[in-house]
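# Summary of the model geometry
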Amino acid sequence: MQSTAAADLESYWMPFTANRQFKAAPRLLVEAKGVYYTSADDRRILDGTAGMWCVNAGHGDRRIVEAVQHQVTELDYSPAFQMGHPKAFELANRLARLMPGDLDHVFFTNSGSESVETALKIAIAYHRVCGQAMCTRLIGRERGYHGVGLGGTSVGGMVNNRRLFGSLLAGVDHLPQTHDREHQAFSRGQPEWGVHLADELECIVGLHGAETISAVIVEPVAGSAGVLVPPKRYLERLRAICDKYSILLIFDEVITAFGRLGTASAAEYFGIQPDLITCAKGLTNAVVPMGAVVVRKPIYDAFMQGPNYAIELPHGYTYSGHPLACAAGLATLDVYRDDKLFQRAAGLASYWESAVHSLKGLPHVVDLRNLGLLAGIELESRLGKPSERGFEAFLKCFEKGALVRTTGDIIALSPPLIIEKAQIDQLFSIIADVLKVLD
Ligand SMILES: Cc1ncc(COP(=O)(O)O)c(C=O)c1O
C-alpha cells in the first residue's frame with residue numbers, strides 16, 4: 001500500500017475538494033472491478049456514482065482495457081489537425097448513429113468542459129456564417145452545471161462555482177431553475193408542476209430581442225446541482241420557443257448520455273431533438289478522457305463554404321480524437337450494445353425508484369427525486385451551516401462501504417448500469433443506516 005503520510009499529499013492541489021480536510025484524513029482508492037472500488041485500507045466500496053457519473057459499464061471491463069492496450073502499441077498518437085486516423089472516423093459514425101434525427105456530425109474534445117466550450121463557440125459561429133453576426137447571446141439556467149471553462153462557468157448557474165471568478169462572459173442570461181420543493185417534493189420521475197418556467201425564455205427574448213440570441217443550453221436533467229428532474233412538458237416547451245425564434249437548443253448530456261436514463265441520450269428518452277448535444281464521461285467509460293459535440297447536419301453544412309483548402313472552424317485540441325480515446329470509445333459502445341446495458345438500465349429504473357423512495361420518512365430527508373438510474377436525496381441543512389450535514393453523510397457512507405456524491409446537502413446517486421438489485425439494496429441500506437445516525 002502506498003504511503004499516505006501528510007507530506008506525500010501536499011503538492012497535489014485537488015480539484016473541487018476540501019484539500020485540508022482530505023489531506024488530514026485521506027480517502028484513497030487503489031483498485032476497481034465491476035461495481036466495487038478497493039480503498040487503500042483494503043475495504044470494498046460499492047460505487048454508487050459510477051466514478052463521477054462516467055463508468056457506466058462498470059470498472060475494469062476486459063474488452064475496453066484490451067482495446068486500449070492494443071491501440072497504444074499500434075498507433076499511440078496521430079496529429080489531430082489536417083491529419084486523421086481511421087478509428088476517429090469510425091467512432092464519429094458510431095456516435096452519430098446513436099443520436100436522434102440528423103444529429104450526425106461529431107467534433108471530438110477531451111472532457112465535458114471542452115465539449116461545452118466547443119458547443120458554445122459553434123453556436124455563435126454558426127449564426128455568424130449564416131450572416132447573423134448579432135446573434136451572440138447565450139442563455140443558461142440557474143443551478144445548471146456546464147463544466148469549468150469560462151463559457152461553461154458563465155452559462156452555468158451554481159453560485160459557488162461562479163462567485164470567485166469575476167464578471168465572467170458578457171452577454172449571458174439565465175432561465176430560472178426548475179426545482180421547487182413546495183410543489184414537487186417526493187415526485188417519482190418527472191414532476192407535474194413547472195412547465196410554465198420554460199415560458200421565461202419568452203421574457204428573455206422580450207428583453208434582449210430574438211435576433212441577439214444564439215443558443216440556449218440546458219442539462220435535460222440537471223446532475224451536479226443535485227439531480228433536478230425537468231417538469232413534464234418543460235423541455236418540449238423550451239424546444240418550441242427556440243424554434244419560434246430560431247434559437248439553437250443545446251442539450252448538455254455529459255451525464256445523461258450513454259444509458260443513464262435507459263436510452264442512448266436524454267434527447268431520445270424525452271423524444272426531443274436539440275440542435276447540438278455535448279457529451280463525455282460514459283463515451284469511453286472514463287477509461288481514457290474524451291468528450292464530443294454532436295451537431296445537426298444543417299449546422300455542419302453551414303460551415304462548409306469558401307475555398308476548399310480553407311479551415312472552416314478554427315477550433316480544436318491537440319488530443320481531439322486521440323487514438324487511445326477512440327479505441328476506448330469504440331470498445332465501450334460495443335459493450336453497451338453487446339450487453340444491452342441501456343435496456344438493462346431501463347429495466348432497473350422502477351426498482352431503483354422504489355429503493356430511492358423507501359428513504360421517505362427517515363431523519364433529515366426533505367425530498368427524494370429520481371429518473372432512470374439517477375437519484376437525488378435532499379437533506380435538511382443545518383442552521384447556518386449549509387453543506388455540513390451532506391458532507392458528513394458522504395464521509396459516513398464511505399466509512400460504511402458506499403461511494404456517494406454530495407452537492408451541498410443533496411446526495412446524488414448514479415450507479416454503474418451493471419448494478420444488481422442486491423447491490424441497489426446494499427447501497428440504500430447503507431444510506432438509510434447513515435441517515436439514522438447522522439445529527
Ligand atoms: C452537464 C455537465 N456538463 C459538463 C461537465 C464537465 O465535464 P468535465 O468535468 O469532464 O469537464 C459536467 C461534469 O460533471 C456535467 O455534468
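Residues numbered from 1 in each chain as written. Predicted model: local features only at pLDDT ≥ 70, side-chain atom pairs only at ≥ 80, totals over all residues. Heavy atoms only, no water.

## A short note on the sheet that holds strand 8 (residues 248-252)
In plain terms, the rule: Paired strands, in this sense, are two strands between which DSSP finds at least two bridges. Counting from the N terminus, the helices are the DSSP runs of H or I reaching at least four residues and the strands are the DSSP runs of E reaching at least two. For helices, the axis comes from a line fit to the C-alpha atoms of the stretch in contact; other axes are also lines fit to C-alpha atoms, and the angle between any two N-to-C directions lies between 0 and 180 degrees. Whether two residues touch is decided by their heavy atoms; if any such pair falls within 4.5 Å, the residues are in contact.
Strand order in the open sheet formed by 7 strands is 4-10-9-8-7-5-6, and the pairing between neighbours is mixed. At either end of the open sheet lies a strand with only one pairing partner, and these are strand 4 (103-109) and strand 6 (172-175). Adjacent strand axes in the sheet meet at a mean angle of 20° when their direction is disregarded. Taken together, the 3 bridges between strand 5 (residues 137-141) and strand 7 (residues 213-218) define a ladder with parallel strand orientation. Bridge pairing in strand 7 places Leu138 opposite Ala215. This element, helix 5 (residues 86-98), spans strand 4, strand 9 (276-279) and strand 10 (291-296) of the sheet and lies at about 135° to strand 4. Lying on the sheet, helix 10 (residues 200-208) is in contact with strand 5, strand 6 and strand 7; it crosses strand 6 at an angle near 155°.

## Some details on the pairing of strand 7
Along any regular strand the residues' side chains alternate between the sheet's two faces. What counts is decided by this rule: Residue exposure (1.4 Å probe, protein chains only): buried if accessible area is under 20% of the type maximum, exposed if over 50%, otherwise partly exposed. The path from the first strand over the helix to the second decides the hand: if it runs clockwise while the strands point away from the viewer, the crossover is right-handed.
Strand 7 sits mainly inside the fold: 6 of its 6 residues count as buried. For strand 7 and strand 8, the ladder comprises 4 bridges, and the chain directions are parallel. Its bridge partner lying in strand 8, Ile217 is registered against Ile250. Handedness of the β-α-β unit built from strand 7, helix 11 (residues 234-245) and strand 8 comes out right-handed.

## Re the packing of helix 4 (residues 62-74) against helix 14 (residues 323-338)
Under the convention used in this document: Should an angle fall under 35 degrees it is called roughly parallel, over 145 degrees roughly antiparallel, and 65 to 115 degrees roughly perpendicular, with every other angle called oblique. Crossing handedness is read from the near helix: turned anticlockwise from the far helix by less than a right angle, it gives a left-handed crossing, and turned clockwise, a right-handed one. Note on residue categories: nonpolar means Ala, Val, Leu, Ile, Met, Phe, Trp, Tyr, Cys or Pro, charged means Asp, Glu, Lys or Arg, and polar means any other residue, Gly included.
In the contact formed by helix 4 and helix 14, the axes pass within 8 Å of each other and the chain directions differ by 155°. As summarised for this structure, helix 4 and helix 14 are arranged roughly antiparallel, according to the angle between their axes. As helix 4 runs across helix 14, the sense of the crossing is right-handed. In contact with Arg63, Ile64, Ala67, Val68, Gln71 and Val72 of helix 4, helix 14 contributes Pro323, Leu324, Ala327, Ala328, Ala331, Thr332 and Val335. Looking at the contact of helix 4 with helix 14, its residues break down into 10 nonpolar, 2 polar and 1 charged.

## Points about the layout of surface pockets
The cut-off we apply is this: Here a cavity denotes grid points, spaced 1 Å and computed from the protein atoms alone, that fit a 1.4 Å probe unable to get out, and a pocket denotes an open set having protein on both sides within 12 Å along at least 5 of 7 lines; residues with an atom within 4 Å of a point are the lining. Grid points are joined across faces, edges and corners, and a volume is the space filled by probe spheres set on the points.
Empty space within the second largest pocket amounts to approximately 1,200 Å³. Lining the second largest pocket are 35 residues; nearest its centre among them are Ala80, Val106, Phe107, Tyr300 and Glu312. Secondary structure elements with two or more residues in the lining of the second largest pocket: helix 5, strand 4 and helix 13 (297-303). For the lining of the second largest pocket, the residue count by class is 23 nonpolar, 10 polar and 2 charged.

## With respect to the site of the ligand
Let me state the cut-off plainly: A single heavy atom is enough: if one lies within 4 Å of a molecule or strand, its residue is considered near that molecule or strand. Distance and chemistry together define a polar contact, namely a pair of N or O atoms within 3.5 Å, with one atom able to donate a hydrogen and the other to accept it when in protein, and with adjacent residues in sequence counting only for side-chain atoms on both sides. Areas reported as accessible are Shrake-Rupley estimates using a 1.4 Å probe. Residue values count occlusion only from the protein chains shown.
Neighbouring the ligand are the residues Ser111, Gly112, Ser113, Tyr145, His146, Gly147, Glu219, Ser224, Asp252, Val254, Ile255 and Lys281. Within the contact set of the ligand, a nitrogen atom lies 2.7 Å away from a side-chain nitrogen or oxygen of Asp252. Isolated, the ligand exposes 390 Å² of accessible area, and the fraction of that covered by the protein chains is 84%. Looking at side-chain class alone, the shell around the ligand contains 3 nonpolar, 6 polar and 3 charged residues.

## Let's talk about the nonpolar core
Threshold: In these notes, a set of buried Ala, Val, Leu, Ile, Met, Phe, Trp, Tyr and Cys residues joined through side-chain atoms within 4.5 Å is what counts as a nonpolar core.
Ranked by size, the top nonpolar core spans 101 residues in total, and within it Ile377, Leu413, Phe428 and Ile431 carry the most contacts. No other element matches helix 14, which puts 9 residues into this core. Ile217, Ile250, Ala302 and Phe303 belong to the second-largest nonpolar core, a separate cluster that totals 18 residues.

## A few points about the side chain of Ser78
Take Ser78: it is sitting in the loop between helix 4 and helix 5. Residues contacting Ser78, with those up to four places away along its chain left out, are Gly84, His85 and Pro323.

## Concerning the sheet that holds strand 2 (residues 36-39)
One open sheet holds the 4 strands; their spatial order is 1-2-3-13, and the pairing between them is mixed. Here the strands that pair on one side only, and so sit at the sheet edges, are strand 1 (29-33) and strand 13 (402-403). Relative to strand 13, strand 3 (residues 44-47) is paired through 2 bridges, and the arrangement is parallel. In the strand pairing of strand 13, Leu46 is matched with Ala402. Where helix 17 (residues 421-437) meets the sheet, it contacts strand 2, strand 3 and strand 13, and its direction lies at approximately 100° from that of strand 3.

## A few points about unusual backbone geometry
Unlike most non-glycine residues, Gln82 shows phi in positive territory, near 65°. Turning to its location among the elements, Gln82 is positioned in the loop between helix 4 and helix 5. At Lys340, a residue that is not glycine, the phi angle is positive and equals roughly 50°. Examined against the element boundaries, Lys340 turns out to sit in the loop between helix 14 and helix 15 (341-357).

## Re the environment of Thr136
By the secondary structure assignment, Thr136 is in the loop between helix 6 (112-129) and strand 5. Along the primary structure Thr136 and Val172 are separated by 36 residues, whereas in three dimensions their C-alpha atoms are 9.0 Å apart. Here Thr136 is in contact with Ile124, Thr212 and Ser214, once residues within four sequence places are set aside.

So yeah, pure geometry; function would need other evidence.
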